[in-house]
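Inside the fold
Chain residues, written in single-letter form:
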Amino acid sequence: MRFGGLRPRRTPAQREESRVTESSGRRPIIAANWKMHHDHHVAIQFVQKLSYLLEAEVFENGDVVICPPFTDLRSLQTLIEADNLELGLGAQNCYFEEQGAFTGEVSAPMLAKLNVDYVIVGHSERRQIFGETDETVNKKVKAVLQHGMKPIVCVGETLEEREAGATAEKVSSQARAAFDGVKSAQAETCVVAYEPIWAIGTGKTATSADADETIGVIRGALRDLYGVTADAMRIQYGGSVKPGNIAELMAMPEIDGALVGGASLDPDEFAKLVKWSS
Ligand code: 13P
């Protein structure tokens with residue numbers, strides 16, 4: 001069966017050619033982080049409907065990525081490949097060891113085998129609920145890169161840190177730690193997501209000016225590590241992004257995309273959000 005908005009999935013080389021679409025030189029990327037929602041049946045229906053709702057031009061304007069739970073990955077890989085969909089596939093986490101006695105964990109090579117393109121690393125929920133540290137985030141970033149995928153590295157401050165004026169230091173130190181020992185050529189392929197913890201799932205969005213300023217701070221920290229390469233690294237904003245505020249966020253010079261939780265769970269709402277420029 002064929003759906004609207006379909007065309008042959010481009011080769012990595014063709015994707016590379018069309019990477020640069022913005023005056024910043026950075027290709028926008030909007031990613032759905034479903035968190036622990038949607039089993040593989042729902043996931044298939046969602047992607048079928050989404051691909052029907054999205055015209056091919058949407059993919060000219062940027063990357064669209066779905067990050068479902070692990071149990072959905074194989075089903076979505078099969079659907080994306082069978083129907084030549086332009087959607088990217090992402091995982092929400094991985095373990096940094098390749099294999100071994102690590103009950104319940106999933107490794108980077110296992111995800112690479114499913115043709116996963118992106119892996120979210122260091123989401124604040126993983127840091128706060130599951131005890132991820134800057135050190136484990138760094139190991140995961142390296143594991144993801146080693147297996148040819150792109151990490152989406154999450155950083156962000158708590159409300160207390162923001163109120164104490166510690167936002168810049170927090171996000172800079174998280175970024176420095178995540179990329180410790182990562183070479184420039186690899187860092188260039190990485191995505192960073194600035195997600196202020198107080199804005200996640202709360203309906204409170206950072207103002208576009210605040211988000212832009214903090215993303216500028218993150219890019220500054222990356223520039224200290226990588227020089228001009230930092231200007232090629234894509235940095236998303238995440239935290240209560242909705243169809244109603246995406247255009248304003250995307251208009252900011254430092255914001256290269258969005259990592260979307262709640263508003264990514266419904267295909268109609270997510271399609272509206274992805275079509276922010278039309
Ligand atoms: P919400 O969009 O639900 O605020 O979640 C943001 C997020 O955590 C995406 O990773």
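Summary of the structure given here. (Residues numbered from 1 in each chain as written. Predicted model: local features only at pLDDT ≥ 70, side-chain atom pairs only at ≥ 80, totals over all residues. Heavy atoms only, no water.)

A separate point is the nonpolar core. By size, the foremost hydrophobic cluster in this structure holds 71 residues, and its most contacted members are Phe 179, Tyr 237 and Phe 270. Dropping the residues within four chain positions of it, Tyr 237 is found in contact with Tyr 194, Pro 196, Ala 199, Thr 205, Ala 206, Ala 211, Ile 215, Leu 249, Ile 255, Gly 257, Ala 258 and Leu 259. Of all hydrophobic cores here, the second largest spans 11 residues; its members include Ile 29, Ala 31, Ile 120 and Ala 193. (Core = buried A, V, L, I, M, F, W, Y, C linked by side-chain atoms within 4.5 Å. Buried < 20%, exposed > 50% of the residue type's maximum accessible area, 1.4 Å probe, protein only. Contact = heavy atoms within 4.5 Å.)

Looking at the secondary structure, you find Thr 158 in the loop between β5 (150-155) and α8 (159-163). Beyond its immediate stretch of four places on either side in the chain, Thr 158 contacts Gln 128, Ile 197 and Trp 198. (Helix = DSSP H or I, 4+ residues; strand = E, 2+ residues; numbered from the N terminus.)

On to the pattern of salt bridges, then. Using the criterion set out here, one finds 17 salt bridges in the structure. Here Glu 132 and Arg 126 are joined by a salt bridge, their closest N and O atoms 3.4 Å apart. Overall, the relative accessible area of 10% leaves Glu 132 in the buried class. The exposure class assigned to Arg 126 is partly exposed, which follows from its relative accessible area of 21%. Across the pair Asp 256 and Arg 219 runs a salt bridge whose closest N-O atoms are separated by 3.0 Å. In this pair, Asp 256 is assigned in the loop between α12 (246-250) and β8 (257-260) and Arg 219 in helix α11 (residues 208-226), connecting sequence segments 37 residues apart. Judged by its relative accessible area of 1%, Arg 219 is buried. (Salt bridge = Lys/Arg side-chain N within 4 Å of Asp/Glu carboxyl O.)

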